[in-house]
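Geometric and topological summary
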Amino acid sequence: MSFIVGPETLSFLDGYLFRVMVDMLRSQGAEASGMYDYYKVRVEAVGTALSDYDRMLFNYALAHFDRDSRQIVHAGTGFGTLPAALAMSGYTVAGIEQDPQRFRGARQVRAALADAWPEAVGQYDLVQGEY
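Our subject in this report is the structure included herewith. (Residues numbered from 1 in each chain as written. Predicted model: local features only at pLDDT ≥ 70, side-chain atom pairs only at ≥ 80, totals over all residues. Heavy atoms only, no water.)

Under the definition given, this model contains 4 salt bridges. Residue Arg 55 pairs with Asp 14 through a salt bridge whose shortest N-O separation is 3.2 Å. Remark: Asp 14 occurs in helix α1 (residues 10-28) and Arg 55 occurs in helix α4 (residues 52-64); sequence separation between them is 41 residues. Of the charged contacts in the structure, one is a salt bridge between Asp 54 and Arg 42, with a shortest N-O distance of 3.6 Å. Within this pair, whereas Asp 54 is found in helix α4, its partner Arg 42 is found in helix α3 (residues 36-46), the two being separated by 12 residues in sequence. Owing to a relative accessible area of 6%, Arg 42 belongs among the buried residues under this scheme. (Salt bridge = Lys/Arg side-chain N within 4 Å of Asp/Glu carboxyl O. Helix = DSSP H or I, 4+ residues; strand = E, 2+ residues; numbered from the N terminus. Buried < 20%, exposed > 50% of the residue type's maximum accessible area, 1.4 Å probe, protein only.)

The structure is reproduced here in structure tokens:
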């Protein structure tokens, strides 16, 4: 993959995903988009797509798991911001989400990632279902 995200370039990806989430919130609203209060607050008050917890898990995965031999499953992926970052860093990732609106939102985030970095989509699958 030509674009690899590491801790030093994670802010660039965060800004891109944040812009996607802002557009979703403005065009669809918090309920219809699946943002509900959780992502709405993140967009309006925090100003980031990736939470501090996402960043901590991202850094942990980079430090402890080999990209070539490990695949990651993220249950309760929400909008899939963490799997997006992990896929952009070279991991093969599957995000599982059971909420229909949140799953739709994760698909929109993944589609925006595909628009900018089509090669990353091969690293990142979404699964709608219970976990």
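A word on the packing of α1 against helix α5 (residues 81-88). Here α1 crosses α5 at 140 degrees, and the two axes come no closer than 11 Å. With respect to their mutual orientation, α1 and α5 come out oblique. Helix-helix and strand crossings are classified by hand; for α1 and α5 the assignment is right-handed. Along the contact surface, α1 presents Leu 10, Leu 13, Leu 17 and Met 21, while α5 presents Thr 81, Ala 84, Ala 85 and Met 88. (Axes fitted to C-alpha atoms, helices over the stretch in contact; angles between N-to-C directions. Parallel < 35°, antiparallel > 145°, perpendicular 65-115°, else oblique. Left-handed = near helix turned anticlockwise from the far one by under 90°. Contact = heavy atoms within 4.5 Å.)

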